[in-house]
Amino acid sequence: MKTGIVRRIDELGRVVIPKEIRRTMRLKEGEEIEVFVSGEDELVLKKYSQVKNMSDFCKEYANLLYRHTGYNCAVCDTSVFITSATDREYFRDRKISHRLEKTLEERKSGYFRSSDAEAFLPDHGVKEVAVAPIVLRGDVIGGILMASKTTMSMPDSIVRHLEIAADFLSVQAE
């Protein structure tokens with residue numbers, strides 16, 4: 001076992017998570033973490049993801065969208081892809097790009113082409129991407145996206161489908 005950074009517990013039972021660790025794990029102020037005991041002398045802090053807790057449900061929804069539209073579909077939380085329905089398993093457990101993270105933080109749905117699309121999914125060869133954030137009680141908990149490797153121009157309805165999916169998933173997360 002590696003020795004990490006040592007911190008003291010204050011009089012209220014608080015421990016400061018070092019900035020380097022927060023940055024590496026993409027932990028932001030206000031995010032939830034899960035605290036549990038493992039063994040007799042281990043206290044574990046784990047990033048909590050409401051989207052990950054409903055991954056089976058997200059997988060089914062992504063499969064439906066993929067089957068009905070033909071576009072690759074993926075669901076992510078605020079740091080990693082949770083599930084996907086694609087022509088190959090590219091997304092699972094991969095970190096989301098900074099471009100996708102920024103778009104989700106802006107709470108905006110959108111459609112992106114060419115180099116903008118490539119910034120969402122680097123090294124995947126996508127030409128078009130549509131994105132919608134999943135928002136629960138005012139906080140972004142993840143996102144859903146569809147991607148295409150061709151420039152066949154996704155219909156405007158794709159963004160609307162994703163917005164409906166995002167709203168539906170946020171209700172399921174409550």
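Now for a quick tour of the structure. (Residues numbered from 1 in each chain as written. Predicted model: local features only at pLDDT ≥ 70, side-chain atom pairs only at ≥ 80, totals over all residues. Heavy atoms only, no water.)

### Section: the overall build of the protein
Alright, step 1. The helix and strand tally for the protein stands at six helices and seven strands.
Alright, step 2. When the helices and strands of the protein are placed in sequence order, the string is α-β-β-α-α-β-β-α-β-α-β-β-α.
Alright, step 3. In terms of principal-axis extent, the alpha carbons of the protein reach across some 60 × 30 × 30 Å.
Alright, step 4. Expressed as a percentage of its 174 residues, the buried residues of the protein come to 40%.
Alright, step 5. Considering only contacts in the protein between residues 6 or more positions apart, those separated by 24 or more positions represent 47%.
Alright, step 6. When the accessible surface of the protein is summed, it comes to about 10800 Å², and 50% of that surface belongs to carbon and sulfur atoms.
Alright, step 7. Charge separation in the protein, taken as the distance between the mean sites of 27 positive and 28 negative side-chain charges, equals 4 Å. (Helix = DSSP H or I, 4+ residues; strand = E, 2+ residues; numbered from the N terminus. Buried < 20%, exposed > 50% of the residue type's maximum accessible area, 1.4 Å probe, protein only. Contact = heavy atoms within 4.5 Å. Areas by Shrake-Rupley, 256 points an atom, 1.4 Å probe, with all protein chains shown as cover. Lys, Arg positive; Asp, Glu negative; His and termini not counted. Charge placed at Lys NZ, Arg CZ, Asp CG, Glu CD.)

### Looking at the nonpolar core
Alright, step 1. Ranked by internal contacts, the top residues of the largest apolar core, which has 27 residues, are Leu 65, Val 75, Ile 144, Met 146, Ile 158, Leu 162 and Leu 169.
Alright, step 2. The element that contributes the greatest number of residues to this core is helix 6 (residues 157-173), accounting for seven residues.
Alright, step 3. With residues up to four places along the chain from it excluded, the contact list for Leu 169 reads Met 54, Phe 57, Cys 58, Val 75, Ile 134 and Ile 144. (Core = buried A, V, L, I, M, F, W, Y, C linked by side-chain atoms within 4.5 Å.)

### Points about unusual backbone geometry
Alright, step 1. For Arg 107, which is not glycine, the phi torsion reads 60 degrees and is therefore positive.
Alright, step 2. Secondary-structure assignment places Arg 107 in the loop between helix 4 (98-105) and strand 5 (110-113).

### So, the side chain of Gln 50
Alright, step 1. Relative to the helices and strands, Gln 50 resides in helix 2 (residues 50-53).
Alright, step 2. For Gln 50, a relative accessible area of 17% corresponds to the buried category.
Alright, step 3. In this structure Gln 50 touches Glu 32, Leu 136, Ile 141 and Ala 173, once residues within four positions along its chain are discounted.

### Here's the deal with the packing of aromatic side chains
Alright, step 1. Summed over all chains, the structure comprises three aromatic pairs.
Alright, step 2. On the numbers, 5.7 Å between centres and 40 degrees between planes, the contact of Tyr 61 with Phe 168 is tilted. Of this pair, Tyr 61 sits in helix 3 (residues 55-69) while Phe 168 sits in helix 6; the two residues are 107 residues apart in sequence, bridging distant segments of the chain.
Alright, step 3. Overall, Tyr 61 belongs to the buried group, its relative accessible area being 18%.
Alright, step 4. For Phe 168, a relative accessible area of 36% puts it in the partly exposed group.
Alright, step 5. Measuring from ring centre to ring centre gives 4.6 Å for Phe 112 and Phe 120, while their planes differ by 40 degrees; the resulting arrangement is tilted. Like Phe 112, the residue Phe 120 is buried in the burial classification. (Phe/Tyr/Trp six-rings, centres within 6.5 Å; stacked < 30°, edge-to-face > 60°.)

### Let's talk about the sheet that holds strand 3 (residues 72-76)
Strand pairing in a sheet relies on backbone hydrogen bonds, with the paired strands running either antiparallel or parallel.
Alright, step 1. Judged by pairing direction, the sheet is antiparallel, and its five strands sit side by side in the order 4-3-7-6-5 without closing on themselves. Strands with a single pairing partner mark the edges of an open sheet, and in this sheet they are strand 4 (81-85) and strand 5. Mean inter-strand twist for the sheet, computed between neighbouring axes without regard to direction, equals 20 degrees.
Alright, step 2. In the packing of helix 3 onto the sheet, contacts are made with strand 3, strand 4 and strand 7 (139-148), and the angle to strand 4 comes to roughly 35 degrees.
Alright, step 3. Each of strand 3, strand 4, strand 5, strand 6 (128-136) and strand 7 touches helix 4; the most contacted strand, strand 6, lies at about 50 degrees to it. (Pairing = 2+ DSSP bridges. Axes fitted to C-alpha atoms, helices over the stretch in contact; angles between N-to-C directions.)

### A closer look at the pairing of strand 3
Alright, step 1. Across the five residues of strand 3, five count as buried, placing the element largely inside the fold.
Alright, step 2. Neither face of strand 3 is exposed, since Asn 72, Ala 74 and Cys 76 on one face and Cys 73 and Val 75 on the opposite face are all buried.
Alright, step 3. Here five bridges tie strand 3 to strand 7, and the two strands are oriented antiparallel to one another. Bridging across to strand 7, Cys 76 finds its partner in Gly 143.
Alright, step 4. Alignment of strand 3 against strand 4, held across four bridges, turns out to be antiparallel. Looking at strand 4, one finds that Val 75 is bridged to Thr 83.

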